[in-house]
Amino acid sequence: MSDNNGENVTENTNENPSSSIDTVMQETRLFPPTDSFLEGCEIGSLDAYEALYDRAKADPVAFWEDLARNELHWFEDFHTTLNWNVPNAEWFVGGKTNVSYNCLDRNLENNADKTAIIWEGEPGDVRTFTYRELHSEVSRLANAFKKAGVEQGDVVSIYMPMVPELAFAMLACARIGAVHSVIFAGFSAESIADRNNDASAKVQLTADGAYRRGKVLELKKIVDEALEKSPTVETCIVLARTDTAVEMREGRDLWWHDLLEQVDDDCPATPLDSEAPLFILYTSGSTGKPKGIKHTTAGYNLYAKKSFEWVFDIRDDDIFWCTADCGWITGHTYVAYGPLCAGATIVMFEGAPNYPAEDRFWELIEKHKITILYTAPTAIRAFIKWGDHHVDKHDLSSLRLLGTVGEGINPEAWMWYHHKIGGARCPIVDTWWQTETGGIMMSPLPGAIATKPGSCTKPLPGILPAILDDSGAPVRENQGGKLVLTHPWPGMLRGIWGDDERFQEAYWDMFPGLYLAGDNARCDEDGYYWIMGRIDDVINVSGHRLSTIEIESALVSHEKVAEAAAVGRKDDLKGQAIAVFVTLIDSEPSDELKQELRMHVRKEIGALAQPDDIRFTNALPKTRSGKIMRRLLKDIAEGNENLGDTTTLEDYTVLTQLRADDES
Ligand code: 7RM
């Protein structure tokens, strides 16, 4: 991205409608798949992708109808493919299916003895399960749930470590039509109670404890506190994981293993309506109380399966590792439902990337011969900071495909991932999607679409995006605007649990009939999409609207910078000034370096994007799933004392540190 003199920024903007966003980034590198990757690819050329995409676009409803009939098992066929009454979609109406059946029973036909799950615990213990074993584990657990009083339609709140039983529990709920609400085992008692109350959860699942970097986090204790304030929860089922002493309350708490002893593993999957709720997953959103995103049975299942197969070009002998926790949508769709429904072998990992040392991921890849790694940019930037010597210790030659999700990946981090982890032979799929979308919406199909570092490339078949200015008109090529989806898709959310008004307002009010994603994006001359950051995070400098990701990527392209966050702060003269927060790889902060970084950004993307304030920090505030919390940084940049809702923040000490830096 170095051959841009930055002066064209001003030219662009003169012809921009006021609500569009200026792009200052130029990335021209193109990476087609290698011949060896292409061997055996299901969708192995741009033509093949375009043919599929065009067919889906011509008649999306017929496209999904065909797939639903071919890919899912139906106890009863559906009669109507789509009922669409904005903003409410119903897919495959009249049909009866079961997600657990599609993931398990269906795989008994051809994959019974294939490994479904390779699980590694934080201490290094390994357990594996074939599809036959998984079927048995889940069926038995489903019977245990019934025994404990769980009925179809009940909400089961799950607060557990990343152990196989967490996946079993999700599938067991799906098997009997209970609705799971997985809460990441790092949230506070208060957050659990909020979510339990919002969903009227009836049963709580937890474990005695969870391993966290060699220590034990006492989950049951946290749950005990949460249940004091969760009056709807009648029963709590406790898994013994760490053998930590816990208090079991008579009449409420049951041991997981005791329940299992009382039941057998014969539990036929319940035929469920296509639109029966499958799960609720709470997303924080940047303001206000968490939204319970609702997903249902058939549409979500179909979308999880097809998006998984398309994006990861899955082969029978692949060993697929999605590093996300099941507490996030990525863990729902690409640890559990997508891969299992596709009959794939997954790796599930309980631990952290830096325990006992910073090479744990690479050790896992070498040990389990992982072929596909799907992780987050925030992790990749951490690996870069920790140093290449951790990677060099391990043989990563089993890898054939890499993926990222969660944030934009800065081209510099992309190049490191490509060379250092992928040995320059593995395509990288940069996947754009949301909790709300259920599955990946835009991503390279790795055999068909040459990649560009920093671009999520093109929409999946059946997905119809557009980029609009505030008046609802499409923006021109390479102009940033609001990303929308113009046609419903099977994996889309079916609302916010108990809050129809908020559902309508958050996603459907701005452009009637179109789904507002809340991200800005541009589409380039080759039809490639580039995500530019959240709508609320746009920085407006003297009437030029700039993207956070582009400024951050310019900073990260400096050899000394590990990570950067850019925010707009109030400025009397310019409207907003650009404040950036920077973590360094291993250099010492200095005024000279600040000046160097200013000049670097100026050279990379132009004078307009040159930061006004630069602060060095040891760490950036992140959500528990690793996204930079720019909203908090904006408050800090503006000197605000009250930082609003910080409950989703991963590490509070970061804030104290940043404030202290501020005062010095
Ligand atoms: C899967 C997930 C959704 C938000 C989304 C974006 C950002 C996610 C990318 C990305 C740029 C990407 N669900 N985001 N993936 N931005 N490139 N490949 O993360 O609900 O937790 O977050 O994350 O802002 O709207 S989520």
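For every chain, the first residue of its written sequence is number 1, and the numbers climb from 1 along that sequence. For a predicted model such as this one, the threshold for reporting local features is a pLDDT of at least 70, and the threshold for listing and counting side-chain atom pairs is 80 or more; totals across whole chains, interfaces and linings nevertheless cover every residue. The basis for every side-chain value is the complete set of heavy atoms in the structure, and neither hydrogens nor water enter the calculation.

J.: Where do I start with the overall build of the protein in this structure?
T.: Secondary structure elements follow DSSP: runs of H or I no shorter than four residues count as helices, runs of E no shorter than two count as strands, and numbering proceeds from the N terminus. Within the protein one finds 21 helices and 29 strands. Projected onto the principal axes, the alpha-carbon positions of the protein cover approximately 70 × 55 × 50 Å. For the exposure calls, accessible area comes from a 1.4 Å probe over protein chains only, and a residue counts as buried if that area is under 20% of its type's maximum, exposed if over 50%, partly exposed in between. Taken over 664 residues, the protein has a buried fraction of 62%. Between the mean site of the 64 positive side-chain charges and the mean site of the 105 negative ones, the protein shows a separation of 1 Å. For the charge count, each Lys or Arg is scored as positive and each Asp or Glu as negative, with His and the chain ends excluded. In this description, the location of a charge corresponds to atom NZ of lysine, CZ of arginine, CG of aspartate or CD of glutamate.

J.: Would you take a moment to explain helix α16 (residues 411–421) for this structure?
T.: In terms of residue burial, α16 counts as a mostly covered element, since eight of its eleven residues are buried. Among the residues of α16, those classed as buried are P411, A413, W414, M415, W416, Y417, H418 and I421. A positive phi of about 50° marks G423, the residue just after α16.

J.: Honestly, the sheet that holds strand β21 (residues 465–468) in this entry has me stumped. Any pointers?
T.: Through backbone hydrogen bonds, the strands of a sheet pair up, either in parallel or in antiparallel fashion. Strand order in the open sheet formed by four strands is β21-β22-β23-β24, and the pairing between neighbours is antiparallel. Edge strands, defined here as strands with exactly one partner in the open sheet, are β21 and β24 (529–534). Taking each pair of neighbouring strands and ignoring which way they run, the sheet shows an average axis angle of 45°. Here the rule is simple: two strands pair whenever DSSP picks up at least two bridges between them. Across five bridges, the pairing between strand β23 (residues 515–523) and β24 is antiparallel. Paired with R522 across the two strands is W530, which belongs to β24. Residue contacts are defined here by distance: any two heavy atoms, one from each residue, within 4.5 Å place the two residues in contact. Here, axes are lines fitted to C-alpha atoms. For helices the fit covers the stretch in contact, and angles between N-to-C directions go from 0 to 180 degrees. Strand contacts of helix α18 (residues 548–556): β23 and β24, with the helix running at about 100° to β24, the strand carrying the most contacts.

J.: Can you walk me through the site of the ligand in this structure?
T.: By nearness alone, 16 residues border the ligand, and D430, T431, T435, D519 and K627 come closest of all. In the environment of the ligand, a nitrogen atom lies 2.8 Å from a nitrogen or oxygen atom belonging to the backbone of T431. Only the protein chains shown count as cover for residues, and all accessible areas are computed by the Shrake-Rupley method using a 1.4 Å probe. Compared with its free state, where it exposes 530 Å², the ligand has 88% of that area covered by protein. In terms of residue class, the shell around the ligand is built from five nonpolar, six polar and five charged. Distances are taken per atom, and a residue is near a molecule or strand as soon as one of its heavy atoms is within 4 Å of it. Distance and chemistry together define a polar contact, namely a pair of N or O atoms within 3.5 Å, with one atom able to donate a hydrogen and the other to accept it when in protein, and with adjacent residues in sequence counting only for side-chain atoms on both sides. Residue classes follow a fixed rule: Ala, Val, Leu, Ile, Met, Phe, Trp, Tyr, Cys and Pro count as nonpolar, while Asp, Glu, Lys and Arg count as charged, and any other residue, Gly among them, counts as polar.

J.: Before we go on, may I ask you to explain the confidence of the model for the protein in this structure?
T.: The predicted coordinates should not be examined in detail at positions where pLDDT is low. Residue-level confidence of the predictor, termed pLDDT, takes values from 0 up to 100. The share of residues in the protein with pLDDT of 70 or more is 93%, and the mean pLDDT across the chain is 93. Summarising per-element confidence for the protein, the mean pLDDT is lowest in helix α1 (residues 8–14) (34) and highest in helix α7 (residues 164–176) (99). Taken together, the stretch residues 1–16 has pLDDT below 50 and engages in 30 contacts with residues farther than four places along the chain or on a different chain.

J.: Can you help me understand the packing of helix α5 (residues 99–110) against α7 in this one?
T.: When two helices pack together, their arrangement is given by the angle between the helix axes and by the axis-to-axis distance. The geometry of α5 relative to α7 is characterised by a closest axis approach of 7 Å and an angle of 115° between their N-to-C directions. It follows from the interaxial angle that α5 and α7 lie roughly perpendicular. Crossing handedness for the pair α5 and α7: left-handed. On α7, the residues touching V99, S100, Y101, C103, L104 and D105 of α5 are L171, A174 and R175. Any angle from 65 to 115 degrees is called roughly perpendicular, while one under 35 is roughly parallel, one over 145 is roughly antiparallel, and all others are oblique. Crossing handedness is defined as follows: a turn of the near helix away from the far one that is anticlockwise and smaller than a right angle gives a left-handed crossing, while the clockwise case is right-handed.

J.: What is the right way to read a negative patch on the surface from this model?
T.: Where like charges cluster on the molecular surface, the negative patch consists of D500, E501, E505 and D509. Of note, D500 is situated in helix α17 (residues 500–507). Patch membership needs two things, relative accessible area over 30% and no salt bridge, and members are linked within 9 Å if like-charged or within 5 Å if nonpolar (Val, Leu, Ile, Met, Phe, Trp, Tyr). Basic side-chain nitrogens of Lys or Arg form a salt bridge, by our definition, when they fall within 4 Å of a carboxyl oxygen of Asp or Glu.

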